[in-house]
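Commentary on secondary and tertiary structure
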Amino acid sequence: MNVTVKINTLQIDLTSNKKDNIDFESLASIKSVKNIDLIKYEESEITGLKGNTTVLKIEKDSVTMIRYGKNSGTMYFKEGISSKTLYNTDYGNFELEIFTKKLNIEKYTDDLLYKINIEYDINIKDLFNGLNILDITVKNIK
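We now turn to the structure provided with this report.

1. Some points on the overall build of the chain
- Secondary structure assignment for the chain yields zero helices and ten strands.
- Moving toward the C terminus, one meets the helices and strands of the chain in the order β-β-β-β-β-β-β-β-β-β.
- The C-alpha atoms of the chain give a radius of gyration of 15 Å, which matches the 14 Å a tight globule of 142 residues would have.
- In terms of overall dimensions, the chain has a C-alpha envelope of 45 × 30 × 25 Å along the principal axes.
- Residues classed as buried in the chain amount to 39% of the 142 residues present.
- Here the analysis covers contacts within the chain between residues at least 6 apart in sequence; of these, 34% occur between residues at least 24 apart.
- Per element, the accessible surface of the chain, about 8,400 Å² overall, is 49% carbon and sulfur.
- Put simply, the chain has 20 plus and 21 minus side-chain charges, and the middle of one group is 4 Å from the middle of the other.

Next comes the structure, spelled out in structure tokens:
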């Protein structure tokens, strides 16, 4: 089934207090497998990840963001849980450390399928220490 996914990302650099806001919207597909929803979409120039495919794996109390392509990586979000992942970039591979402070998943049955809010600390090997807030909305295409 085809859907739209809209992601608003607020990134705050905790060292400089610089804020960066990115709004992204894309066509996507959704597939359900054993109480797990998989939402697949293509990244764009807006996110700086054009040419990559992302899959959101939505479970009852967690979200996994799996990125395929040149900038591959996996980010796991579950409230109160820390996770580490290797993130591939043009400048080399970096270890990301993520601590999910808040995760709210609201699932609906009409045109609006999901509203997801994720608030997490992110640390990239002393290169970046920040707070990210993701607001994800998934809607049916009319």
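2. Concerning the pairing of strand β2 (residues 19-33)
- Direction of pairing for strand β1 (residues 2-13) relative to β2: antiparallel, over a ladder of eleven bridges. Considered in β2, the bridge of Val 5 is made with Ser 26.
- The antiparallel pairing of β1 with β2 creates a hairpin that spans five residues between the two strands, and Asn 17 there sits at a positive phi of about 65°.
- Where β2 and strand β3 (residues 36-42) come together, six bridges link them in antiparallel fashion. Bridge assignment links Ala 28 to a residue of β3, and that residue is Tyr 41.
- Hairpin geometry of β2 and β3 is characterised by an intervening segment of two residues between the two adjacent antiparallel strands and by a positive phi of about 50° at Lys 34.

3. Description of the packing of aromatic side chains
- Counted by the stated rule, this structure contains two aromatic pairs.
- Between the aromatic rings of Phe 24 and Tyr 41, the centroid separation amounts to 5.7 Å while the plane-to-plane angle is 45°, which identifies the pairing as tilted. With Phe 24 in strand β2 and Tyr 41 in strand β3, the pair connects residues that are 17 residues apart, well separated along the chain.
- Judged by its relative accessible area of 3%, Tyr 41 falls in the buried class.

So, how was this worked out
Numbers given for residues are sequential positions, taken from 1 along each chain in its written order. Where local features are concerned, this predicted model is filtered to residues with pLDDT of at least 70; where side-chain atom pairs are given and counted, the filter is 80 or more; whole-chain, interface and lining totals use all residues. To obtain the side-chain values, all non-hydrogen atoms of the structure were included, while hydrogens and water were left out. Runs of E in the DSSP output that reach at least two residues are strands. Runs of H or I that reach at least four are helices, and both are numbered from the N terminus. Here the globule rule reads 2.2 Å times residues to the power 0.38, and the radius of gyration is calculated from C-alpha atoms. Type-normalised accessible area, obtained with a 1.4 Å probe on protein chains alone, sets the label of each residue: buried when under 20%, exposed when over 50%, and partly exposed for intermediate values. In this description, contact between two residues means that some pair of their heavy atoms is separated by no more than 4.5 Å. Per-residue and other accessible areas were derived by the Shrake-Rupley procedure at a 1.4 Å probe size, with only the shown protein chains allowed to occlude residues. We count Lys and Arg on the positive side and Asp and Glu on the negative side, and we leave His and both chain ends out. Charged side chains are reduced to one point each, which is NZ for Lys, CZ for Arg, CG for Asp and CD for Glu. In this scheme, strands are said to pair when DSSP sees at least two bridges between them. Two aromatic rings, drawn from Phe, Tyr or Trp (for Trp, its six-membered ring), form a pair once their centres lie within 6.5 Å of each other, and the interplanar angle then sorts them: stacked below 30 degrees, edge-to-face above 60, tilted otherwise.

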